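Each chain, letter by letter, is given below.
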Amino acid sequence: MSDTLEAIAPVESIARRLTRDSRYFEIKREIEEFLYDEANMLDERRFKDWLPTLAEDLRYFMPMEFNVKFGEHAQRELTKREEQMSWFNEGKWTLTKRVEQILTGVHWAEEPLSRVCRLVTNVQLSAIETNAAGELEVDVSSRFLIYQNRCEYEQYYFVGDRFDRIRLTQTGWQLASREIRLHQNVLLSKNLSIFF
């Protein structure tokens with residue numbers, strides 16, 4: 001039975017188990033508040049407030065998913081960064097330009113602006129480290145459910161996982177890396193104009 005379970009679950013998707021001590025829960029509480037604040041900023045369309053929470057070296061990536069044969073999920077289910085097509089493979093500069101475009105008021109996919117509501121849940125820490133600059137970096141996994149409504153009748157749901165690296169800087173926590181795994185083989189919405 002255990003051999004079958006190991007074959008189904010890709011090794012990289014299993015979060016490493018950190019010691020759940022007081023330090024873990026203190027950092028987790030701060031990270032959760034950071035993620036909830038981020039969700040509120042995005043849902044409330046406060047994009048200019050959101051941009052400073054992104055690290056200058058941010059990597060923002062959303063691979064595409066494929067239907068693959070049993071036993072091939074770990075190797076072939078997700079496209080690889082820099083090697084294959086993806087929904088997003090961006091940095092802070094590109095995200096800033098996307099925000100600027102939306103804020104012109106003439107963005108074809110966001111005029112009128114979407115109404116968005118997101119839930120972030122299942123927040124767990126998988127690594128707590130100090131980088132070369134002496135800054136605390138935390139690897140975080142979470143799940144999301146995002147509802148988007150546009151115009152009158154367009155409505156979409158996005159469900160998936162996020163794997164973040166969040167860095168504590170002198171100005172506070174910043175998102176240094178995000179991999180978004182959208183659990184759709186075919187994109188069911190007309191566009192991906194929202195932020196994850």
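Residue positions are given per chain, counting from 1 as you read along its sequence in written order. Predicted model: local features are reported for residues with pLDDT of at least 70 only, side-chain atom pairs are reported and counted for 80 or more only, and whole-chain, interface and lining totals are derived from all residues. Note that the side-chain values use all heavy atoms of the structure and ignore hydrogens as well as water.

**Q** How do you make sense of the nonpolar core when you look at a structure like this?
**A** The tendency in soluble globular proteins is for nonpolar side chains to be buried side by side. Within the largest apolar cluster, 39 residues are counted, with the highest numbers of intra-cluster contacts made by Ile31, Trp50, Phe158, Phe195 and Phe196. Mapped onto this core, the elements with two or more residues apiece are helix 2 (22–43), helix 3 (47–50), strand 1 (54–63), helix 5 (92–102), strand 3 (115–130), strand 4 (136–150), strand 5 (154–169) and strand 6 (172–182). A per-element tally of this core places helix 2 first, with eight residues. Here a residue-residue contact requires only that any non-hydrogen atoms of the pair lie within 4.5 Å. The contacts of Trp50, once residues within four sequence positions are left out, are Glu38, Met41, Leu42, Leu95, Val99 and Phe195. Among buried residues, the Ala, Val, Leu, Ile, Met, Phe, Trp, Tyr and Cys ones that are joined through side-chain atoms within 4.5 Å form a nonpolar core. Burial status follows relative accessibility: with a 1.4 Å probe on protein chains alone, a residue under 20% of its type maximum counts as buried, one over 50% as exposed, and anything between as partly exposed. Helix numbers and strand numbers start at the N terminus; a helix is a DSSP run of H or I with at least 4 residues, a strand a run of E with at least 2.

**Q** Explain unusual backbone geometry here, please?
**A** Negative phi is the rule for most residues except glycine; trans is the rule for most peptide bonds. Its identity as a non-glycine residue notwithstanding, Arg45 has a phi of 65 degrees, on the positive side. Relative to the elements of secondary structure, Arg45 occurs in the loop between helix 2 and helix 3.

**Q** Would you mind going over the environment of Val116 with me for this structure?
**A** If you trace the backbone, Val116 turns up in strand 3. Classification of Val116 by relative accessible area gives buried; the value is 16%. Val116 sits 34 residues away from Arg150 along the chain, and the two C-alpha atoms are 8.8 Å apart. In contact with Val116, not counting residues within four places along its chain, are Asp43, Ile146, Tyr147, Gln148 and Ile194.

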